[in-house]
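Tertiary structure, described
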Amino acid sequence: MPPDQDFYEILGLQRNASQEDIQRAYRKLARANHPDVNKDPAAEDRFKDISEAYSVLSDPKTRRRYDAFGPGFRQVPEDVDPETWARAGAGRAGQGGGQGRGQGREQGGWAAQGGPSGFGEGVDIDDLLEGLFAGRTGRPGRAAPGWGPIPGADQEAEIELSVEDAYRGGHKAFTVGGRRIEVEIPAGVTDGQRIRLAGQGGRGGDGAPAGDLYLIVRIARHPRYRVEGRDIHLRLPITPWEGALGATVAVETPAGEAKVKVPAGTSSGRRLRLRGRGMPNPRGQPGDLFAEIRIMVPPRPADEERRLFEQLAAVSTFDPRRR
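These notes cover the structure that comes with them. (Residues numbered from 1 in each chain as written. Predicted model: local features only at pLDDT ≥ 70, side-chain atom pairs only at ≥ 80, totals over all residues. Heavy atoms only, no water.)

1. Digging into the overall build of the protein
A count of helices and strands for the protein gives nine helices and 13 strands. Relative to its 323 residues, the protein shows a buried fraction of 34%. Excluding contacts between residues fewer than 6 apart, the proportion of contacts in the protein whose partners are at least 24 apart in sequence is 51%. Working note: accessible area of the protein is about 19300 Å², and carbon and sulfur atoms make up 49% of it. (Helix = DSSP H or I, 4+ residues; strand = E, 2+ residues; numbered from the N terminus. Buried < 20%, exposed > 50% of the residue type's maximum accessible area, 1.4 Å probe, protein only. Contact = heavy atoms within 4.5 Å. Areas by Shrake-Rupley, 256 points an atom, 1.4 Å probe, with all protein chains shown as cover.)

2. Observations concerning the sheet that holds strand S3 (residues 155-161)
The three strands lie next to each other as S3-S7-S6, forming an open sheet whose pairing is mixed. The open sheet has two free edges, formed respectively by S3 and strand S6 (194-197), since each of these has just one partner strand. Across this sheet, the average inter-strand angle for adjacent strands is 30°, counted without regard to direction. Of the pairings in the sheet, the one linking S3 to strand S7 (residues 213-219) comprises seven bridges and is parallel in character. (Pairing = 2+ DSSP bridges. Axes fitted to C-alpha atoms, helices over the stretch in contact; angles between N-to-C directions.)

3. Concerning helix H4 (residues 60-69)
Along H4, the residues that are buried comprise Arg 63, Arg 65, Tyr 66 and Phe 69. When H4 is viewed along its axis, its buried side chains cluster within an angular range of 165° and face the same direction. At the N-terminal boundary of H4, the capping side chain belongs to Asp 59, with an oxygen 2.9 Å from the backbone nitrogen of Lys 61. (Arc of directions from axis to C-beta. Polar contact = N/O pair within 3.5 Å; in protein donor to acceptor, adjacent residues only side chain to side chain.)

4. Quick word on the side chain of Arg 63
Turning to its location among the elements, Arg 63 is positioned in helix H4. Of the side chains with opposite charge, Asp 67 comes closest to the buried, unpaired Arg 63, at an N-O distance of 4.1 Å. (Lys, Arg positive; Asp, Glu negative; His and termini not counted. Salt bridge = Lys/Arg side-chain N within 4 Å of Asp/Glu carboxyl O.)

5. Considerations on the pattern of salt bridges
Summed over the entire model, instances satisfying the criterion amount to 20 salt bridges. Across the salt bridge formed by Arg 218 and Glu 158, the nearest N and O atoms sit 3.3 Å from each other. On the criterion of sequence distance, the pair formed by Arg 218 in strand S7 and Glu 158 in strand S3 is long-range, its members being 60 residues apart. With a relative accessible area of 54%, Glu 158 lands in the exposed category. Measuring nitrogen to oxygen at the nearest pair gives 3.4 Å for the salt bridge that ties Arg 218 to Asp 191. Of this pair, Arg 218 sits in strand S7 while Asp 191 sits in the loop between strand S5 (179-185) and S6, and the two are 27 residues apart along the sequence. Judged by relative accessible area, which is 31%, Arg 218 ranks as partly exposed. On the accessibility criterion, Asp 191 (43% relative accessible area) is partly exposed.

6. Concerning the environment of Ala 208
Tracing the backbone through its elements, the reader meets Ala 208 in the loop between S6 and S7. Separated by 58 residues in the primary sequence, Ala 208 and Ile 150 have C-alpha atoms spaced 5.7 Å apart. Setting aside its immediate chain neighbours within four residues, Ala 208 contacts Pro 149, Ile 150 and Pro 151.

7. Thoughts on the packing of helix H2 (residues 19-33) against helix H3 (residues 43-57)
Between H2 and H3, the shortest axis-to-axis distance is 9 Å and the interhelical angle comes to 165°. Comparing their axes, H3 and H2 come out roughly antiparallel. The crossing of H2 and H3 is left-handed. On H3, the residues touching Gln 19, Ile 22, Gln 23, Tyr 26, Leu 29, Ala 30 and Asn 33 of H2 are Ala 43, Glu 44, Arg 46, Phe 47, Ile 50, Ser 51, Tyr 54 and Leu 57. Within the contact of H2 with H3, the residues separate by chemical class into nine nonpolar, four polar and two charged. (Parallel < 35°, antiparallel > 145°, perpendicular 65-115°, else oblique. Left-handed = near helix turned anticlockwise from the far one by under 90°. Nonpolar A, V, L, I, M, F, W, Y, C, P; charged D, E, K, R; others polar.)

Structure, rendered in structure tokens:
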């Protein structure tokens, strides 16, 4: 990283960015530039820069020092107060200043103004900076080599589950980023839910801990079930006489067979609700199961069935098109 590279620019942020903005930007950029994902030869260097910027700006204390002292903040002694430093610089900026060493100098976006300072009469900020840096690195104006341990980046990946697997949960294996991982799926996991695997994200540098891996659950389309949140919807086919006379019919659910009572006079489109028979919820109320009625007729009625339907048609006064 160039010594004057601005950490806010690396993350694409303004200097008044919130901590949430910083974390959001880091997650997005780290995910896009991680060497395990991005095969661009320059991606690894970008990833290191992104991780370094995040490690500084995500800590309120180091962020204050960075804002006050600039890229060389690590070489400024801990007992130099950022607020006092800033007030001293503001006071001298109002006094103008002369040419040469007394004139303002830009260093990576941080102005180091010449002239008297708030640290004592006749002390020049440029001399102070150079003295501090020389004392730490042996060379004025140069940052010390190495930025220290860099935590590994958090990573995200999507996994697809069937409705049955999401309902039951259990031990599953997936291939993520070319590696096989073992996951314990909680029963009743929902679409979009994130499962955190601590320490299975990006590798840390210089002995720093690895990041976390977040698995985003996607529930696959199913020929029978439709899942909305924790509610499960399905279509329940019944015969015309079951709809007309009422009946108790079997319905297949992810948990197995259940019995549904169809009231007499039920038509297609009516929804029957089975409370608590939807997706389980380890922390609260389970979802419901909704069975939508579909009245089906024999595609090829036998002779006796046709005779009975004809007899019904002759005696019935029911007209579904008349209200």
